[in-house]
Amino acid sequence: MGKAFRSGIPSAEITPKEAYLNRRQLMTGMGALAAAGAAGPALAKLTTVPSKYSTDMKPNSLEDITHYNNFYEFGLQKTDPAAYAGKLTVDPWSVEIGGLVDKPGTYALDDILKGVTLEERVYRFRCVEAWSMVIPWDGFPLSTLLDRVGVQPGAKYIAFQTVLRPSEMPGQRSGLLDWPYVEGLRMDEAMHPLTILATGLYGEPMPKQNGAPIRLVVPWKYGFKSIKSIVKITAVADQPPTTWNLQAPKEYGFYSNVNPHVDHPRWSQASERRIGGGLFAPRVDTLMFNGYGDEVASLYAGMDLRKDF
Ligand code: MTE
């Protein structure tokens, strides 16, 4: 986090029978990926990028994307995640989906991926990540998964949780943050096609320092909303707690939309410098909703975004 750039601050366990049955239902009728684990070459031939939302800006280099990170579970320095994330076990991985959904359960990530059709996948979805880099993500809209598990009408928000594994995540052995890292979205934000669950970038599996094996990407919000290494997704009725809001409520609100008109209490948010451009790269004006206003401004119609920041 810093003034120079956009603020970005900062179970393969026993599967209960019910969850197992739900998993089968999840996969049924979903046009499973032809070959299990067809994440690499098969996808490389496809152009399932939702060009409507993609930017034509040049992506940052893989080196920038993987060596300038925030992942406090591995330390405070931007280079710490690259140095220390190697120990994180990301396979097998499962995600517990619960709360107000029709098919709660603990789903193996492989099964989740098999349930996503090729048409639904976003491949090299080049979006301007809000802190600020251009990253070609691979993944699928969060709405795809939420539709599969059937969100009930009473659910108004989605809560997310990062894995809690202090043995592999040295930062979690410190009191730096209240672990595990948690985040949340309002339901319409969660269902928006720009909101994706990313499982890779540049056509390769997600690097550990970027939140392997599955992380959120919400391009119109500050980087800290995009929670990494997710193990729990819960549909809830009330606005869930979020790590940075708990940590510093005056500085980080629930919505956290990129908004050049609302200063952070300690710095202006009116301009930014793209990461990787070098210290002498010109600063550019920060755009409302990170430039995705046409797509998302309507979600906030009638809200006072100075109050609901
Ligand atoms: N998720 C977890 N679990 N822990 C973190 O510290 N940092 C957030 C977000 N997700 C963070 C996290 C912040 S502050 C930013 S800017 C982005 O991840 C950075 O994502 P990147 O390193 O892939 O660019």
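Computed from a predicted structure; not experimentally measured.

Calculation criteria
Residues numbered from 1 in each chain as written. Predicted model: local features only at pLDDT ≥ 70, side-chain atom pairs only at ≥ 80, totals over all residues. Heavy atoms only, no water. Helix = DSSP H or I, 4+ residues; strand = E, 2+ residues; numbered from the N terminus. Buried < 20%, exposed > 50% of the residue type's maximum accessible area, 1.4 Å probe, protein only. Areas by Shrake-Rupley, 256 points an atom, 1.4 Å probe, with all protein chains shown as cover. Phe/Tyr/Trp six-rings, centres within 6.5 Å; stacked < 30°, edge-to-face > 60°. Pairing = 2+ DSSP bridges.

Quick look at the overall build of the protein now. When helices and strands are counted, the protein shows nine helices and twelve strands. Across the 309 residues in the protein, those meeting the buried criterion constitute 54%. Accessible area of the protein: about 13600 Å², with a carbon and sulfur share of 56%.

With that settled, consider the packing of aromatic side chains. For the structure on display, the rule yields ten aromatic pairs. Their ring planes at 5° and their centres at 6.4 Å tell us that Tyr 222 and Phe 224 sit as a pair that is stacked. Among the residues examined, Tyr 222 registers a relative accessible area of 5% and is labelled buried. According to the relative accessible area criterion, Phe 224 is buried, its value standing at 4%. Consider the rings of Tyr 255 and Tyr 300, whose centres lie 6.2 Å apart with planes at 85°: the pair is edge-to-face. With Tyr 255 in the loop between helix H8 (243-247) and strand S11 (271-272) and Tyr 300 in the segment after helix H9 (293-296), the pair connects residues that are 45 residues apart, well separated along the chain.

With respect to burial, strand S3 (residues 122-129) is a largely interior element, six of its eight residues being buried. Summarising the sheet, S3 and strand S4 (residues 133-141) pair through six bridges and their orientation is antiparallel. When the sheet's bridge partners are listed, Val 122 is paired in S4 with Gly 139. Between S3 and S4, which pair antiparallel and follow one another directly, the connecting turn spans three residues.

With respect to burial, strand S7 (residues 196-201) is a largely interior element, six of its six residues being buried. Pairing of S7 with strand S9 (residues 215-217) involves three bridges; the strand directions are antiparallel. Opposite Ile 196, over in S9, you have Val 217 as the bridge partner. Of the strand pairs in this sheet, S7 and strand S8 (residues 204-205) are connected by two bridges, and their pairing is antiparallel. Bridged to Leu 201 within S8 is Glu 204. Between S7 and S8, which follow one another and run antiparallel, lie two residues, and Tyr 202 among them has a positive phi close to 55°.

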